[in-house]
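Here is what each chain is made of, one letter per residue.
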Amino acid sequence: MRTLKRNWPFHVMLLPAIIFLIIFSYVPMGGIIMAFQNYKPWLGISGSEWVGLDNFRYLFEREDSLQVIWNTLIIAVLKLIFNLFVPFVFAILLNEVRKMAIQRTIQTLVYLPHFLSWVILGGILIDLLSTGGLVNRVLGSLGLGPYFFLGDNSWFRSTVILTDVWKEFGYNMIVFLAALAGINPALYEAAEIDGAGRWKQTLHITIPSLVPMLMVVGTLALGNVLNAGFDQIFNLYNPLVYQTGDIIDTFVYRSAMQNGEMGFATAIGLFKSVISMILILVSYSLAKKYAGYRIF
């Protein structure tokens, strides 16, 4: 009680966020029951037919459902790998820039795309990557193309992954730059005295110092492996690339909003949420075991 009396202002400050969380995150969980119904909006939850696990069986029987799950895993895993590797390497390279003005300018330029929504970037990329867009005109001048980047199944996944990495690698680099700032300068001084050049210092000091942070970021990212990026896919895809570009979130959106399959869409969302929760628990366990990272 003494602790509560002493810290009551902090609890009051936290109260609006808790209320917001309850209203918009916990109260809607009552709608999960739709996953076990043949839900009809005009009948409501109480009047819709109870079908048990039929929606989940239907999920694994439909050929397009399995393709969507496979697409989600491929896109999400490749995004996870490249969004770890590219910021890691770029942070090391940027750390070697000695002039602070140049370093800060580069940092600002690579941060900027993160703050643009996919609605804006989607429109820009659709124009740039169209068959008559700037990219294909440049490739045409080199005797290549044209390529239908956003309308060809063989190009769409690569385009999605590369554009996502371009947008996010600058922001993802922040944690690695913070880890670099925490390296003891005495280690570099000792290595220089021993005759180690910049490459040897990077190989034996910089990279080993960043590996624990890389492990933490990588293991925590496992919890989001089924989130392949609804905003990006929704703004870039079209029926021509459903075979390789349709993911769980866009499939749920179409099932619910366009086809009216509310129960089926809820079942897919619940399946994804359960798998994501399991992955989050596993990732935190791995982070605690191998990187010493703990929340509690």
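Scroll up for the structure.
Please read these numbers as outputs of a predicted model, since none were measured by experiment.

### Considering the overall build of the protein chain
Part 1 of the argument: Counting secondary structure elements, the protein chain contains 15 helices and two strands.
Part 2 of the argument: Taking 296 residues into account, the globule formula puts the C-alpha radius of gyration at 19 Å, and the protein chain, at 24 Å, lies well above it.
Part 3 of the argument: Seen along its three principal axes, the alpha-carbon backbone of the protein chain occupies a region of about 80 × 75 × 30 Å.
Part 4 of the argument: Residues classed as buried in the protein chain amount to 35% of the 296 residues present.
Part 5 of the argument: Expressed as a percentage of contacts within the protein chain between residues at least 6 apart in sequence, the contacts between residues at least 24 apart total 65%.

### Considerations on the packing of aromatic side chains
Part 1 of the argument: Evaluation of the coordinates by the stated rule reveals 17 aromatic pairs.
Part 2 of the argument: Relative to F24, the ring of F20 lies with its centre 4.7 Å away and its plane at 40°, an arrangement referred to as tilted. With F20 and F24 both in helix 1 (residues 2–26) and four residues apart, the pair spans about one turn of that helix.
Part 3 of the argument: For F24, a relative accessible area of 55% corresponds to the exposed category.

### Regarding the pattern of salt bridges
Part 1 of the argument: Within this structure, the stated rule accounts for six salt bridges.
Part 2 of the argument: Where R198 meets E96, a salt bridge forms, and the shortest distance between an N and an O atom there is 3.0 Å. Pair noted here: R198 is in helix 11 (residues 198–221) and E96 is in the loop between helix 4 (63–95) and helix 5 (100–111), with a separation of 102 residues, a long-range link.
Part 3 of the argument: Across the salt bridge formed by D249 and K272, the nearest N and O atoms sit 2.6 Å from each other. Taken as a pair, D249 in helix 14 (residues 248–258) and K272 in helix 15 (residues 262–291) lie far apart in primary sequence, 23 residues in all. Residues D249 and K272 agree in their burial class; the two are buried.

### Some details on the packing of helix 4 against helix 8 (residues 153–172)
Part 1 of the argument: Between helix 4 and helix 8, the shortest axis-to-axis distance is 9 Å and the interhelical angle comes to 40°. In terms of axis orientation, helix 4 runs oblique to helix 8. In terms of crossing hand, the pair formed by helix 4 and helix 8 is right-handed. Of the residues in helix 8, those touching helix 4 at Q67, W70, N71, I74, I75, L78, K79, F82, N83, V86, P87 and F90 are R157, V160, I161, D164, V165, E168, F169 and N172.

### Here's the deal with the packing of helix 8 against helix 9 (residues 174–181)
Part 1 of the argument: Put simply, helix 8 and helix 9 touch, their axes get as near as 5 Å, and they point 25° apart. With respect to their mutual orientation, helix 8 and helix 9 come out roughly parallel. Between helix 8, through G170, Y171 and N172, and helix 9, the contact on the second element is made entirely by I174, V175 and F176.
Part 2 of the argument: Class assignment for the residues of the contact of helix 8 with helix 9 results in four nonpolar, two polar and no charged.

### Side note on the layout of surface pockets
Part 1 of the argument: Here the largest pocket is characterised by a volume of approximately 590 Å³.
Part 2 of the argument: Along the wall of the largest pocket there are 22 residues; nearest its centre are L80, N83, N172, A221 and N224.
Part 3 of the argument: Listed by contribution, the elements that provide at least two residues to the lining of the largest pocket are helix 4, helix 8, helix 11 and helix 12 (230–236).
Part 4 of the argument: Here the lining of the largest pocket takes five residues from helix 4, the largest share from any one element.

Here is what the cut-offs are and how they apply
- Residues numbered from 1 in each chain as written.
- Predicted model: local features only at pLDDT ≥ 70, side-chain atom pairs only at ≥ 80, totals over all residues.
- Heavy atoms only, no water.
- Helix = DSSP H or I, 4+ residues; strand = E, 2+ residues; numbered from the N terminus.
- Rg over C-alpha atoms; globule rule 2.2 N^0.38 Å.
- Buried < 20%, exposed > 50% of the residue type's maximum accessible area, 1.4 Å probe, protein only.
- Contact = heavy atoms within 4.5 Å.
- Phe/Tyr/Trp six-rings, centres within 6.5 Å; stacked < 30°, edge-to-face > 60°.
- Salt bridge = Lys/Arg side-chain N within 4 Å of Asp/Glu carboxyl O.
- Axes fitted to C-alpha atoms, helices over the stretch in contact; angles between N-to-C directions.
- Parallel < 35°, antiparallel > 145°, perpendicular 65-115°, else oblique.
- Left-handed = near helix turned anticlockwise from the far one by under 90°.
- Nonpolar A, V, L, I, M, F, W, Y, C, P; charged D, E, K, R; others polar.
- 1 Å grid on protein atoms, 1.4 Å probe; cavity = no way out; pocket = protein on both sides within 12 Å on 5 of 7 lines; lining within 4 Å.
- Points joined across faces, edges and corners; volume = space filled by probe spheres on them.

As far as function goes, none of this settles anything; it's purely spatial.
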